[in-house]
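The residues making up each chain are set out below.
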Amino acid sequence: MVNHNLPPGFHLVVLDTVDSTNVEARRRAEAEAPDGTLIQAVTQTQGRGRRGRHWESPTGNLYMSLILRPDCSVAAGLDVTFVSAIAMCDALAAIVPPLVGVAAKWPNDILINGRKVAGILLESASGSSGKLRWLVVGVGVNIQSFPKRTEYPATSLNFEGAVNTGPTEVLGGFARCFKRWFDIWGNEGFAAIREAWLQRAEGLGEMIEVRLPDERFTGRFVDLDESGSLIIELESGERRSVTTGDVFPPELI
């Protein structure tokens, strides 16, 4: 029996193969799986990222989805994206060699040395009252391998020097860090999460390009507002709020 060293409140289900851990978590959430149910798969046949993008799922990497049932609105539940990003930054920072940079890239990616190592995907269902019935936090982490031809450069933990790391260690580290930051969010609200995320943010104060479905523009990433939107300062000095989209550094523009 593998010891994942999970904190209290987590209930782990390990599957060899699944279409998608998020899809499986959604099925189990609808079937009343308890809060804290954590689905891990050795591989996925239909792994997905944001906006339905394909997520390559070879063995050796981590694919997991966590079922939560927070007593909050759908809008407030989006805060958990940032809770998850902080937790993954902290978990990976404890694993990679010293001085290797781990950062959060808005809205839901984790970077090592400027390359994507992990992604987060939230899905939810609400009741007639507008409150969440369940929230699923899906996480994929490149550990042994990473895709070579991607719009944003990718990497893996092994490539970045964490050569003896496996899915069990990453999952356990994430769960412990997530428990800590989820409790902080519950006790102190989004303000504490926003501050912690900004401390780990990639590109804060730098020029970036924002890519929207029908528009692209560049500006300086200056802040994250109280709703989790990106604040961009344009060349004119005007500030613009971005609620959804993709961001890229100058060298990828």
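Since the model is a prediction, treat every value here as computed from it, not as a measurement.

## So, the sheet that holds strand S10 (residues 230-233)
One open sheet holds the 5 strands; their spatial order is S11-S10-S9-S8-S12, and the pairing between them is antiparallel. Edge positions in the sheet fall to strand S11 (239-242) and strand S12 (246-248), since each of these pairs with one other strand and no more. Ignoring which end each strand starts from, the neighbouring axes of this sheet average 45 degrees apart. The pairing of strand S8 (residues 207-212) with S12 spans 3 bridges and is classified as antiparallel. Opposite Val-210, over in S12, you have Val-247 as the bridge partner.

## Focus on the nonpolar core
Formed by 65 residues in total, the largest nonpolar core has its most connected members in Met-88, Ile-110, Leu-157, Phe-178 and Trp-197. Contacts of Leu-157, omitting those with residues within four sequence positions, involve Leu-92, Val-96, Ile-112, Val-117, Val-141, Asn-142, Ile-143, Ala-162, Thr-165 and Val-170. Counting 11 residues, the second-largest nonpolar core is a separate cluster that includes Ala-25, Ala-29, Ala-41 and Val-136.

## Considerations on the sheet that holds strand S1 (residues 11-18)
Remark on secondary structure: sheet strands pair via backbone hydrogen bonds, oriented parallel or antiparallel. The sheet built from 7 strands is open, its strands ordered S1-S2-S3-S7-S6-S5-S4 with mixed pairing. The strands lining the two open edges of the sheet, one partner per strand, are S1 and strand S4 (102-105). Here the average twist between neighbouring strands, direction ignored, is 20 degrees. Note that S1 and strand S2 (residues 37-44) share 7 bridges and pair parallel. Each residue of the ladder has a partner; that of Leu-12, found in S2, is Leu-38.

## A look at the packing of aromatic side chains
With the rule as written, the count across this model stands at 8 aromatic pairs. Aromatic pair Phe-146 and Phe-159: ring centres 5.5 Å apart, planes at 70 degrees, arrangement edge-to-face. In this pair, Phe-146 sits in the loop between strand S7 (132-141) and helix H4 (167-188) while Phe-159 sits in the loop between S7 and H4, placing the two residues 13 residues apart along the sequence. On the basis of relative accessible area, Phe-159 is assigned to the exposed category, the value being 57%. Here the aromatic rings of Phe-174 and Phe-178 are separated by 5.6 Å at their centres, their planes lie at 35 degrees, and the arrangement is tilted. Taken as a pair, Phe-174 and Phe-178 lie in helix H4 at a separation of 4 residues, close to a single helical turn. On the basis of relative accessibility, which here comes to 3%, the residue Phe-174 falls in the buried class. Take Phe-178: its relative accessible area is 2%, and that puts it in the buried class. Among the aromatic residues, ring-to-ring pairing joins Phe-82, Phe-190, Trp-197 and Phe-221 into one connected group. Here the basic side chain of Lys-105 rests over the ring of Phe-248, its NZ or CZ set 5.8 Å away from the ring centre. The aromatic ring of Trp-181 is capped on one face by Arg-180, whose charged end is 4.7 Å from the ring centroid.

## With respect to the packing of H4 against helix H5 (residues 190-199)
In contact at an axis separation of 7 Å, H4 and H5 are set at 135 degrees when each is read in the N-to-C sense. The angle between H4 and H5 falls in the class oblique. Touching Trp-181, Ile-184, Trp-185 and Glu-188 of H4 are Phe-190, Ala-192, Ile-193 and Ala-196, all from H5. Within the contact of H4 with H5, the residues separate by chemical class into 7 nonpolar, no polar and 1 charged.

## Overview of unusual backbone geometry
Omega for the peptide link from Trp-106 to Pro-107 comes to 0 degrees, which places this bond in the cis form. If you trace the backbone, Pro-107 turns up in the loop between S4 and strand S5 (109-112). One non-glycine residue, Glu-32, lies in positive phi territory at about 70 degrees. If you trace the backbone, Glu-32 turns up in the loop between helix H1 (21-30) and S2. The phi torsion at Leu-99 lies on the positive side, around 70 degrees, for a residue other than glycine.

So, how was this worked out
- Residues numbered from 1 in each chain as written.
- Predicted model: local features only at pLDDT ≥ 70, side-chain atom pairs only at ≥ 80, totals over all residues.
- Heavy atoms only, no water.
- Pairing = 2+ DSSP bridges.
- Helix = DSSP H or I, 4+ residues; strand = E, 2+ residues; numbered from the N terminus.
- Axes fitted to C-alpha atoms, helices over the stretch in contact; angles between N-to-C directions.
- Core = buried A, V, L, I, M, F, W, Y, C linked by side-chain atoms within 4.5 Å.
- Buried < 20%, exposed > 50% of the residue type's maximum accessible area, 1.4 Å probe, protein only.
- Contact = heavy atoms within 4.5 Å.
- Phe/Tyr/Trp six-rings, centres within 6.5 Å; stacked < 30°, edge-to-face > 60°.
- Lys NZ or Arg CZ within 6 Å of the ring centre and 35° of its normal.
- Parallel < 35°, antiparallel > 145°, perpendicular 65-115°, else oblique.
- Nonpolar A, V, L, I, M, F, W, Y, C, P; charged D, E, K, R; others polar.

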